[in-house]
Amino acid sequence: MKSHCSGYSWAAMAILAPYFSFIIFAHETPFHTVLHNYSTEGFSIEEATIPEIQQAFKAGKLTSRGLVEFYLDRIKKLNQRLHAVIEVNPDALLLADIADTQRLKAGGTIESALHGIPVLIKDNIASKDKLNTTAGSFALLGSKVARDAGVVNKLRKSGAIILGKASLSEWAHFRAFNAPSGWSARGGQVKNPYVLTADPSGSSTGSAVAVAANMAAVTLGTETDGSILSPSSVNGVVGIKPTVGLTSRAGVIPISHHQDTVGPICRTVTDAVYLLDEIVGYDPRDHRASKSAAPFIPKGGYKQFLKPDGLHGKRLGITRGSDFSKSRGSIEAISFEKHLATLRQKGATLVENSSIDAIFNAGYGNDMQTILLYDFKQDLNMYLSELLESPVRTLADAIAFNNRHPQEEKIPEYGQDEFLEAQKKLNFNAEGYKKSLKNVYSITKNGIDKVLKDYKLDALVTLDDSIIGLLAIAGYPGITVPAGYNKLGVPFGLYFGGGRGSETNLVEISYAFEHATKIRKIPHV
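None of the values given here were measured: they were computed from a predicted structure.

### A few points about empty space enclosed by the protein
Right, on to step 1. For the structure shown, the criterion picks out 2 cavities of 30 Å³ or more.
Right, on to step 2. Contributing to the lining of the largest cavity are Ala126, Val145, Ala146, Arg147, Gly251, Arg285, Tyr383, Glu386 and Leu387.
Right, on to step 3. Class assignment for the residues of the lining of the largest cavity results in 5 nonpolar, 1 polar and 3 charged.
Right, on to step 4. One number sums up the size of the second largest cavity: a volume of about 70 Å³.
Right, on to step 5. Along its surface, the second largest cavity is lined by 15 residues, and Asn124, Thr222, Glu223, Thr224 and Asp260 are the ones closest to its centre.
Right, on to step 6. Those elements that place two or more of their residues in the lining of the second largest cavity are β8 (218-223) and β10 (261-266).
Right, on to step 7. Within the lining of the second largest cavity, the residues separate by chemical class into 5 nonpolar, 6 polar and 4 charged.

The following block contains the structure:
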């Protein structure tokens, strides 16, 4: 039987063997095996939303055990080719039984929307259970976290079941520039479920692919610069990148405290918002950011903004992007124009102006990379120092581990240039670091902030993924919703971005767009 580890040396396998017990291995089941839609008591699980699942629980048509068994079966049959799940929780069925018992004792109804719902979380989000937290690297295999990440703690309090860990671009795609999106040493190469040869994007690749292929009810990803929005877009699902601090980053393997955020990746805006409601809020272990963002959280949560008429009265800044003129006549361009017509029909005012387009041309790339390199070294060293046990304690240790295990970590193929560049950075007092921080602040103030204010915009709308970087350096929220499929069958999403704390507007807009278009199709895997 061939496993994800088949290319590793026996010496390395001997070193790492004690930690392999829960890794998902490839199965001998042929990939073309037909996966019939699992149903129980007349309820179809595939594509079911959280409200639909909860209603089925209440009506006695479904149990949490049945739900978990469905997803475990999907993982067993599909993961051999998609590589979306790096580990499953060996206690998932036990937790499902506990949820079913609690529901029975409560008379069939429990208030929490996520009670008994299995959630797959990205493998850089700590969970204090039998699962590893490794960012896809063998360097952290066997490390022990002191506690659940802040968002995982909230999930457990809601009664959610941690189904397992999703594969990702190793170290959230911050080890090597040349590493492909969705690749990690532990998880292998994640595949796009619509077109296996297409770029699945990253770094929350497994989270997006798993939920797209119905291998999980809902998933969590993280984003520093595009890692939720981009894989969600190309894998045909909804991704919410929250305002930095709206969700706690405590217990998440970091890149940058300036840009890191945790958010939902789901099949529908409804599910994404239900999941978001359960993970937002203040966390003393991420005090500064979460305290600053907490006032943006609406009383009663975000579910109240799931309105079919949410586009009515909204002012939307439209940009086609710098390369749009080259793609005229393409499926993407034609789809975009149709979607703009839908936005107008549903009551939105569309604003187009060269000043809006101009903000996408801001040269922030070098400054952002400088900030991330400085932040990564300091933030990662802090995270590693707090682990109860770990093979590595510093970035320098991780570099040395990779040098000792070059074949397992594919150092000859991909290198670790970002690691090496970050290791050279000294501290936060460096002039270059301070200058870059000032530059990105100025770009945000004179760019996205200015056009939102000058044109009284509720949000920006585009197919151009350049918006991702602008939202990243600002720490601002964004949502992507399925918008079409290109000539190869690869999905693409429409991006909605706004100012700090503008999630209420973005939820209204994105839900109304989804409700009016209903673009998403199930991948034929």
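After that view of the structure, there is still more to cover.
### Focus: the confidence of the model for the protein chain
Right, on to step 1. With 91% of its residues at a pLDDT of 70 or more, the protein chain has an overall mean of 92.
Right, on to step 2. With pLDDT under 50 throughout, residues 1-23 is counted as low confidence; its partners more than four residues away or in other chains account for 42 contacts.
Right, on to step 3. In this model residues 25-37 is a low-confidence stretch, pLDDT under 50, and it forms 25 contacts with partners more than four residues away in sequence or in other chains.

### Here we look at the sheet that holds strand β5 (residues 161-166)
Right, on to step 1. An order of β3-β5-β4-β8-β10-β9-β14-β15-β13-β11-β12 is seen for the 11 strands of this open sheet, with the pairing classed as mixed. Strand pairing shows two members of the sheet lacking a second neighbour, β3 (85-88) and β12 (349-352), which therefore form its edges. Direction aside, neighbouring strands of the sheet carry axes that sit 30° apart on average.

### Considering the packing of helix α3 (residues 64-82) against helix α4 (residues 92-105)
Right, on to step 1. For the pair α3 and α4, interaxial distance at closest approach is 7 Å and the crossing angle is 155°. The angle between the axes of α3 and α4 places the two elements in the roughly antiparallel class. Taking contact as the criterion, the partners of Ser64, Arg65, Val68, Glu69 and Leu72 in α3 are, on α4, Ala92, Leu93, Ala96, Asp97, Ala99, Asp100 and Arg103.

### With respect to the nonpolar core
Soluble globular proteins tend to pack their nonpolar side chains together in the buried interior.
Right, on to step 1. Formed by 145 residues in total, the largest nonpolar core has its most connected members in Leu155 and Leu316.
Right, on to step 2. It is helix α13 (residues 365-385) that contributes the most residues to this core, 9 residues altogether.
Right, on to step 3. Setting aside anything within four residues of it in sequence, one finds leucine 316 in contact with Leu311, Leu343, Ala348, Thr349, Leu350, Val351, Leu457, Ala459, Val461 and Ile509.
Right, on to step 4. Formed by 12 residues, the second largest nonpolar core is a distinct cluster that contains Tyr194, Ala198, Val234 and Tyr485.

### A short note on the side chain of arginine 175
Right, on to step 1. Mapped onto the fold, arginine 175 is located in the loop between α6 (170-173) and β6 (183-184).
Right, on to step 2. Here the side chain of arginine 175 touches glycine 415 through a polar contact of 2.9 Å, landing on its backbone oxygen.
Right, on to step 3. Contacts of arginine 175, omitting those with residues within four sequence positions, involve Glu170, Trp183, Asn402, Glu409, Lys410, Ile411, Tyr414, Gly415, Gln416, Asp417, Glu418 and Phe419.

### What about the pairing of β5?
Right, on to step 1. With respect to burial, β5 is a largely interior element, 6 of its 6 residues being buried.
Right, on to step 2. As judged from the 3 bridges shared by β3 and β5, these two strands associate in the antiparallel manner. The partner of valine 85 across the bridge, within β5, is alanine 166.
Right, on to step 3. Pairing analysis gives 5 bridges linking strand β4 (residues 118-122) to β5, with the strands arranged parallel. If you follow valine 119 over to β5, its bridge partner there is isoleucine 162.
Right, on to step 4. Handedness of the crossover is the feature at issue here: the chain leaves β4, passes through helix α5 (residues 150-158), returns alongside β5, and the resulting connection is right-handed.

### Description of α13
Right, on to step 1. Helix length check: α13 (21 residues) gives 30 Å between terminal C-alpha atoms against 30 Å at 1.5 Å per residue, within 8%.
Right, on to step 2. At phenylalanine 376, α13 is deflected by roughly 25°, the largest bend along its length.

### A word on the pattern of salt bridges
Right, on to step 1. Scanning the model with the defined rule gives 23 salt bridges in all.
Right, on to step 2. We note a salt bridge from aspartate 129 to arginine 156, for which the minimum N-O separation is 2.9 Å. Taken as a pair, aspartate 129 in the loop between β4 and α5 and arginine 156 in helix α5 lie far apart in primary sequence, 27 residues in all.
Right, on to step 3. Taken together, the salt bridges that share partners define one network made up of Glu47, Arg267 and Arg520.

### Overview of the packing of aromatic side chains
The relative placement of two aromatic rings is captured by the distance of their centres and the angle of their planes.
Right, on to step 1. Under the counting rule described, the total for this entry stands at 9 aromatic pairs.
Right, on to step 2. Cation over ring: arginine 103 sits above phenylalanine 57, and NZ or CZ is 3.8 Å from the ring centre.
Right, on to step 3. Across from the ring centre of tyrosine 274, 5.0 Å away, lies the NZ or CZ of lysine 303, which sits over that ring.

### A closer look at the side chain of threonine 219
Right, on to step 1. By secondary structure assignment, the location of threonine 219 is in strand β8.
Right, on to step 2. A polar contact is formed between the side chain of threonine 219 and the backbone oxygen of serine 207, at a distance of 3.1 Å.
Right, on to step 3. Within the structure, threonine 219 has its side chain in polar contact with the backbone oxygen of isoleucine 265 (distance 2.8 Å).
Right, on to step 4. Each residue touching threonine 219, except ones within four places of it in the same chain, is listed here: Val119, Leu120, Ser207, Val211, Gly263, Pro264, Ile265, Cys266 and Leu275.

Basis of the calculations
Residues numbered from 1 in each chain as written. Predicted model: local features only at pLDDT ≥ 70, side-chain atom pairs only at ≥ 80, totals over all residues. Heavy atoms only, no water. 1 Å grid on protein atoms, 1.4 Å probe; cavity = no way out; pocket = protein on both sides within 12 Å on 5 of 7 lines; lining within 4 Å. Points joined across faces, edges and corners; volume = space filled by probe spheres on them. Nonpolar A, V, L, I, M, F, W, Y, C, P; charged D, E, K, R; others polar. Helix = DSSP H or I, 4+ residues; strand = E, 2+ residues; numbered from the N terminus. pLDDT = per-residue confidence, 0-100. Contact = heavy atoms within 4.5 Å. Pairing = 2+ DSSP bridges. Axes fitted to C-alpha atoms, helices over the stretch in contact; angles between N-to-C directions. Parallel < 35°, antiparallel > 145°, perpendicular 65-115°, else oblique. Core = buried A, V, L, I, M, F, W, Y, C linked by side-chain atoms within 4.5 Å. Buried < 20%, exposed > 50% of the residue type's maximum accessible area, 1.4 Å probe, protein only. Polar contact = N/O pair within 3.5 Å; in protein donor to acceptor, adjacent residues only side chain to side chain. Right-handed = clockwise from strand over helix to strand, strands pointing away. Expected span 1.5 Å × (residues − 1). Bend = angle between axes of the 7 residues up to and from the residue. Salt bridge = Lys/Arg side-chain N within 4 Å of Asp/Glu carboxyl O. Phe/Tyr/Trp six-rings, centres within 6.5 Å; stacked < 30°, edge-to-face > 60°. Lys NZ or Arg CZ within 6 Å of the ring centre and 35° of its normal.

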